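Residue strings, one per chain:
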Amino acid sequence: MTPDYTRLIDAETWDFINRTNAFYPPEAVDWPIERNREVYDRMARAFHTGRPPGIVVETTAVETPGHAIPIRIYSSGRGDHRATILYFHGGGFVLGGLESHDDVCAEFCAATGLTVVSVDYRLAPEHGGTAALEDAIAAYGWVTAGFDRPIVLAGDSAGGNLAACLADHAGRQGQRPIGQVLIYPLLGSDIDRGSYLIHAEAPLLTTRDVLYYRDVRTGGIDCSSDPRFTPLASPSFDHLPPTFVFTAQCDPLSSDGEVYCSRLRAEGVQASWHEEEGLPHSFLRARNTASRAKAAMGRITQALSTLAAGARA
C-alpha cells in the first residue's frame, strides 16, 4: 500500500515538491538527457539562494593525464583548518555540476568554517562506468596533497554513492578519510525490499527513477556486486571512517542508509543513521523554505563539524 503522503508531508514541504515538479515533472525521466539537464539546471538556478557573506570562492581544475576535472573551493574568513570537506553533488550521475549545488556548498562552508571542495565529476552516459569514481579518486589525491589536512567526504544522492565508494577505495589503500557524511545516498540495498517497495511512488524520486539512472550509468550492466558502483557490495567495512547517514523518510533510498549503517556497526565502525521524517529526496533544496528541511540541514552541518572536531582530537 502506498503511504499517505498527504499526512506524512507537511504543507511547507508540499510547496517545495510542487515548485520542483513545476520545473521537473516526474515524466521528465523519459525525456532526452540534454533536455533533462537543461530543466534540472534551470530548476537549480531558481532554488539558488545566494552565498552567505564572507565566503571566498575559487573555481579551478584538477589536471589528470586525460582530462581536467573542474572543482570549486569555498573558504571562510574563519580559517578553520581542522579538516577539508570534499563534496560530491547529486543528480543521478547524469545531472548537475558545480552550479547546481553552489549555494549548498557555500552554506556548509559558512556554517562549519571549513574549506569545502566541490567536484564536477564526469557524467553519464557520455562518461559511464567508473568515470565518476575515477574523478573522485583523483580529486581526493589532489586535496590530500594540496591542503595537508584531514578530509571529510560528503555528498547527496549519487554524490553520496561516490563518497561511500571513495571511502571504501581510500580505506583499502591506507588513506582513510576522517569521516563521511552521506545525504539520502544510493548504496545498493535489496531493491525488492524495504523502502524500495514502500516508497516506490514517492514524490520527487521513484524506484523507477532509481533504476533508470542506475542503468544510464552502467549501460544496463548488473553492477550490484561491484563495490565501485555499489558500496554495500564491499566484502568488508572495518576500514571505513566514522559515518553519518541522513535519509529522507519519503524516499525509495531510505533503507540504504539503515542497512549500510548496520553493516558498518557490525564491524566496529562508528555509524549513525538519521531518518528525516516527512521529507522527500532532494530536501536540501528546501532548507530555506521548509522548517523540517532546515532542521535536517542543521543536523547535517553538525555532523560535519563533529567529524572535524574528531580530527583535532
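Peer 1: Any chance you could explain the packing of helix H5 (residues 131-147) against helix H6 (residues 158-172) here in plain terms?
Peer 2: How two helices pack is summed up by the angle between their axes together with the distance between the axes. Where H5 meets H6, the axes come as close as 10 Å, and the angle between the chain directions of the two elements is 60 degrees. Classed by the angle they form, the pair H5 and H6 counts as oblique. In the crossing of H5 with H6, the sense of the turn from one axis to the other is right-handed. On the side of H5, the interface is formed by Ala132, Leu133, Ala136, Ile137 and Tyr140, while H6 contributes Leu162, Cys165, Leu166, His169 and Ala170. Partitioning the contact of H5 with H6 into residue classes produces nine nonpolar, one polar and no charged.

Peer 1: Can you walk me through the pattern of salt bridges in this structure?
Peer 2: Where charged atoms from two side chains of opposite charge approach closely, those side chains can pair. Counting across every chain of the model gives 14 salt bridges. Close ionic contact of glutamate 34 with arginine 37 constitutes a salt bridge, the shortest N to O distance being 3.0 Å. Taken together, the positions of glutamate 34 and arginine 37, both in helix H3 (residues 33-47) and three residues apart, correspond to about one turn of that helix. In this structure glutamate 34 comes out as partly exposed when scored by relative accessible area, which is 47%. With a closest N to O distance of 3.4 Å, arginine 172 and aspartate 168 form a salt bridge.

Peer 1: So what exactly am I meant to see when it comes to the pairing of strand S4 (residues 114-119) here?
Peer 2: Put simply, side chains in a regular strand alternate between the two faces of the sheet. Of all six residues in S4, six are buried; the element is thus mostly enclosed. Covered by surrounding structure in S4 are Leu114, Val116 and Ser118 together with Thr115, Val117 and Val119, the residues of both alternating faces. When strand S2 (residues 68-76) meets S4, the two strands line up antiparallel, connected through four bridges. Its bridge partner being in S4, arginine 72 is matched across the sheet by serine 118. Considered for its hand, the β-α-β crossover made up of strand S3 (residues 80-88), helix H4 (residues 102-112) and S4 is right-handed.

Cut-off values and rules
Residues numbered from 1 in each chain as written. Predicted model: local features only at pLDDT ≥ 70, side-chain atom pairs only at ≥ 80, totals over all residues. Heavy atoms only, no water. Axes fitted to C-alpha atoms, helices over the stretch in contact; angles between N-to-C directions. Helix = DSSP H or I, 4+ residues; strand = E, 2+ residues; numbered from the N terminus. Parallel < 35°, antiparallel > 145°, perpendicular 65-115°, else oblique. Left-handed = near helix turned anticlockwise from the far one by under 90°. Contact = heavy atoms within 4.5 Å. Nonpolar A, V, L, I, M, F, W, Y, C, P; charged D, E, K, R; others polar. Salt bridge = Lys/Arg side-chain N within 4 Å of Asp/Glu carboxyl O. Buried < 20%, exposed > 50% of the residue type's maximum accessible area, 1.4 Å probe, protein only. Pairing = 2+ DSSP bridges. Right-handed = clockwise from strand over helix to strand, strands pointing away.

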